[in-house]
Amino acid sequence: MTPTDTKTGLDGVAAAVKQAPGRGLPPVHLWHPAHCGEIDIVIKRNGQWFHEGTPIGREALVRLFSTVLRKDPDGFHLVTPVEKMKITVEDAPFTAVQVDRDGDVLRFVTNVGDVVEAGPDNEIRVGADPATGEPQPYLHVRRGLEARLRRPVFYELVEMAEERDTPAGPTLGVTSNGVWFPVGPARAHLA
């Protein structure tokens, strides 16, 4: 047995992820370890990660943990081949901090360094806060995990938007990889 086999919790997750082969994302969708309980990690609405009430200040560690994050029907988990620990996510696990247009492609960068092209597999959706009515824009990142668009990124998206006639009426939206995404409800920009 190696020393990493006996580590549990935060240390165990970090050790297991560092051992993952290759440079791509670990295949967390293929791992089905037994549920090991909960770990006191909270991803705040602004995308900041906390462990036991203290911000995780090392960006590299947050990026490392983000690669083994998985959304299951019962919530969000950090998953390794041997452990599955539930964490708390206040909104979306990531935030989109940048958007650029390259021809017909909208490319987003998340707070954990993911680069995501909006399109058929990574949709942009804009809901509304039930209490305030303010837009709540999200981007699908991978396997059911989303990034909430930070306000400046959403404003840039709205600046790029063009009006299109829809069955509900004139609607602002953006196109990426051949898919059109509304950035608000019909007629909202006319009010």
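Residues numbered from 1 in each chain as written. Predicted model: local features only at pLDDT ≥ 70, side-chain atom pairs only at ≥ 80, totals over all residues. Heavy atoms only, no water.

All of the buried residues in helix 3 (residues 151-160) are Val153, Phe154 and Leu157. The buried residues of helix 3 all sit within an arc of 100 degrees when viewed along its axis, so they share a single face. Along helix 3, the residues that are exposed and aim more than 90 degrees away from the buried face are Pro152 and Glu159. Here the buried face of helix 3 lies against strand 7 (94-102), strand 8 (105-110), strand 10 (124-128), strand 11 (135-142), strand 12 (145-149) and strand 14 (169-176). (Buried < 20%, exposed > 50% of the residue type's maximum accessible area, 1.4 Å probe, protein only. Helix = DSSP H or I, 4+ residues; strand = E, 2+ residues; numbered from the N terminus. Arc of directions from axis to C-beta. Contact = heavy atoms within 4.5 Å.)

The next thing to look at is the sheet that holds strand 7. Backbone-to-backbone hydrogen bonds pair the strands of a sheet. The strands run either parallel or antiparallel. Read from one edge of the open sheet, six strands run 9-8-7-12-11-10, paired in mixed fashion. In this open sheet, the two edge strands, each paired with only one partner strand, are strand 9 (115-117) and strand 10. Averaged over neighbouring strand pairs, the angle between their axes works out to 40 degrees when direction is ignored. With six bridges joining them, strand 7 and strand 8 adopt antiparallel strand pairing. Counted as the bridge partner of Asp102 is Val105 from strand 8. Seen against the sheet, helix 3 touches strand 7, strand 8, strand 10, strand 11 and strand 12 and runs at an angle of roughly 30 degrees to strand 7. (Pairing = 2+ DSSP bridges. Axes fitted to C-alpha atoms, helices over the stretch in contact; angles between N-to-C directions.)

The tendency in soluble globular proteins is for nonpolar side chains to be buried as a group. One finds Ile87, Phe108, Ile124 and Leu157 to be the most contacted residues of the largest nonpolar core, which totals 40 residues. Sorting elements by how many residues they give to this core places helix 2 (residues 59-66) first, with four residues. With residues up to four places along the chain from it excluded, the contact list for Leu157 reads Val99, Leu106, Phe108, Ile124, Leu149, Val174 and Val183. (Core = buried A, V, L, I, M, F, W, Y, C linked by side-chain atoms within 4.5 Å.)

Taken in spatial order, the six strands line up as 3-2-1-6-5-4 in an open sheet, and their pairing is mixed. Lying at the two open borders of the sheet, with one neighbouring strand each, are strand 3 (54-55) and strand 4 (69-72). Bridge count for strand 1 (residues 35-43) against strand 6 (residues 84-89) is five bridges, and the pairing is parallel. Within the sheet, the bridge partner assigned to Ile43 lies in strand 6 and is Val89. Strands in contact with helix 2 are strand 2 (49-51), strand 4 and strand 5 (75-79); relative to strand 2, the strand with the most contacts, it is inclined by about 95 degrees.

A few words now on the pairing of strand 4. By the bridge criterion, four bridges tie strand 4 to strand 5 in an arrangement that is antiparallel. Bridged to Asp72 within strand 5 is Gly75. In this structure, the hairpin formed by strand 4 and strand 5 is closed by a connection of two residues.

Treat this as a map of the structure, not an account of what it does.
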